[in-house]
Amino acid sequence: QVQLVESGGGLVQAGGSLRLSCAASGRFFSIHAMGWYRQAPGKQRELVATMTSGGSTNSADSVKGRFTISRDSAKNTVYLQMNSLKPEDTAVYYCYAHLWSSTMPRPMEYWGQGTQVTVSL
């Protein structure tokens, strides 16, 4: 059973920083990509940033220059360093992984339970 366990959310003032972590556990053959999406109240879930196993990254224009995605492959963990946070960054942040579980016939997408990030004025 694959699990994505997130940590690091919380309340921060505008201009502050937070670091999110997401660790993938379970039995799997390979991780193809990991990253972060977010969903604000009344809005659709949107991409924040992702990183492939080869190190390629993709991020939303709204976070470029402020958020940095990184990974520790040995720990199957992805991080999101969020700087210069703005009130519009307030959302539930979901960890995402595209990986091949040892119990599944092909690679699939997995999601964490979400962690709340609230940025106050």
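Anyway, here's the lowdown on the structure attached to this text. What you are looking at is a predicted structure, and each value in this text was computed from that prediction instead of being measured. Every chain begins its residue count from 1, and numbering advances along the sequence as written. Residue-level local features of this predicted model are given only where pLDDT is at least 70; pairs of side-chain atoms are given and counted only at 80 or more, and the full residue set underlies all totals for whole chains, interfaces and linings. The side-chain quantities take in all heavy atoms of the structure and omit both hydrogens and water.

**What about the side chain of Thr77?**
Helix and strand definitions follow DSSP, with helices as H or I runs of at least four residues and strands as E runs of at least two, each counted in order from the N terminus. Mapping Thr77 onto the fold places it in strand β8 (residues 77-82). Summary of the burial criterion: residues with accessible area below 20% of their type's maximum are buried, those above 50% are exposed, and those between are partly exposed, where the area comes from a 1.4 Å probe applied to protein chains only. Looking at Thr77, the relative accessible area reads 8%, which means it is buried. Under the rule applied, a polar contact is a pair of N or O atoms within 3.5 Å (in protein, one hydrogen donor and one hydrogen acceptor; residues adjacent in sequence only if both atoms are side-chain atoms). In this structure the side chain of Thr77 is engaged in a polar contact, spanning 2.9 Å, whose partner is the backbone oxygen of Lys75. Pairs of residues are marked as contacts when any of their non-hydrogen atoms sit within 4.5 Å. Contacts of Thr77, omitting those with residues within four sequence positions, involve Cys22, Ala23, Ser70, Arg71 and Asp72.

**Observations regarding the state of the cysteines**
Here, a disulfide means two cysteine sulfur atoms that sit within 2.5 Å of each other. A full pass over the atoms with the stated rule returns one disulfide. Between the sulfur of Cys22 and that of Cys95 lies a disulfide, 2.0 Å long from S to S. In this structure, the disulfide formed by Cys22 and Cys95 twists by about -85° around the S-S bond and is classed as left-handed. Of this pair, Cys22 sits in strand β3 (residues 18-25) while Cys95 sits in strand β9 (residues 91-101), and the two are 73 residues apart along the sequence. Judged on exposure class, the residue Cys22 and its partner Cys95 are both buried.

**A few points about the packing of aromatic side chains**
The pairing test for Phe, Tyr and Trp rings, Trp by its six-membered ring, is centres within 6.5 Å, and the orientation test on the planes gives stacked under 30 degrees, edge-to-face over 60, and tilted for anything in between. On inspection of all chains with the given rule, the structure shows four aromatic pairs. Look at Phe29 and Trp100: their rings are 5.6 Å apart centre to centre, the planes differ by 85°, and that puts the pair in the edge-to-face class. Within this pair, whereas Phe29 is found in strand β4 (residues 28-39), its partner Trp100 is found in strand β9, the two being separated by 71 residues in sequence. Residue class for Phe29 comes out exposed when judged on its relative accessible area of 58%.

**Quick word on a nonpolar patch on the surface**
Nonpolar side chains collect at one region of the surface, where Phe29, Trp100 and Met104 lie side by side and expose about 290 Å² of accessible area between them. The residue Met104 is located in the loop between β9 and β10 (108-111) in this model. The patches reported here contain residues having more than 30% relative accessible area and no salt bridge. Joining distances are 9 Å for like charges and 5 Å for nonpolar side chains (Val, Leu, Ile, Met, Phe, Trp, Tyr). For every accessible area listed, the method is Shrake-Rupley and the probe measures 1.4 Å; residues are considered covered only by the protein chains on display. When a carboxyl oxygen of Asp or Glu is within 4 Å of a side-chain nitrogen of Lys or Arg, the pair counts as a salt bridge.

**As for the sheet that holds β3**
The criterion for strand pairing is that DSSP finds at least two bridges linking the strands in question. With respect to topology, four strands assemble into an open sheet ordered β1-β3-β8-β7, the strand pairing being antiparallel. Single-partner strands in this sheet number two, and they are β1 (3-7) and β7 (67-72). If you compare each strand with its neighbour and ignore which way they point, the axes differ by 15° on average. Pairing analysis gives five bridges linking β1 to β3, with the strands arranged antiparallel. Paired with Leu4 across the two strands is Ala24, which belongs to β3. Helix axes use the C-alpha atoms of the stretch in contact, all axes being lines fitted to C-alpha atoms, and the angles between their N-to-C directions lie in the range 0 to 180 degrees.

**Some details on the nonpolar core**
Grouping buried Ala, Val, Leu, Ile, Met, Phe, Trp, Tyr and Cys residues that are joined through side-chain atoms within 4.5 Å yields what is termed a nonpolar core. Formed by 30 residues in total, the largest nonpolar core has its most connected members in Met34, Trp36, Leu80, Met82 and Tyr93. Listing elements by their share of this core, those giving two or more residues are β3, β4, β5 (46-52), β7, β8, β9 and β11 (115-120). Take this core: its biggest share by element is five residues, from β9. Setting aside its immediate chain neighbours within four residues, Leu80 contacts Leu18, Arg19, Leu20, Trp36, Val48, Ala49, Phe67, Thr68, Ile69 and Tyr93.

**Here we look at the environment of Val117**
Looking at where Val117 falls in the secondary structure, it is placed in strand β11. Note on Val117: relative accessible area 0%, which makes it buried. On a C-alpha basis, the gap between Val117 and Ser7 in space is 11 Å, while along the polypeptide they are 110 residues apart. In this structure, Val117 is in contact with Gly9, Gly10, Leu18, Leu20, Met82, Asp89, Thr90, Ala91 and Tyr93, ignoring residues within four places of it in sequence.

As far as function goes, none of this settles anything; it's purely spatial.
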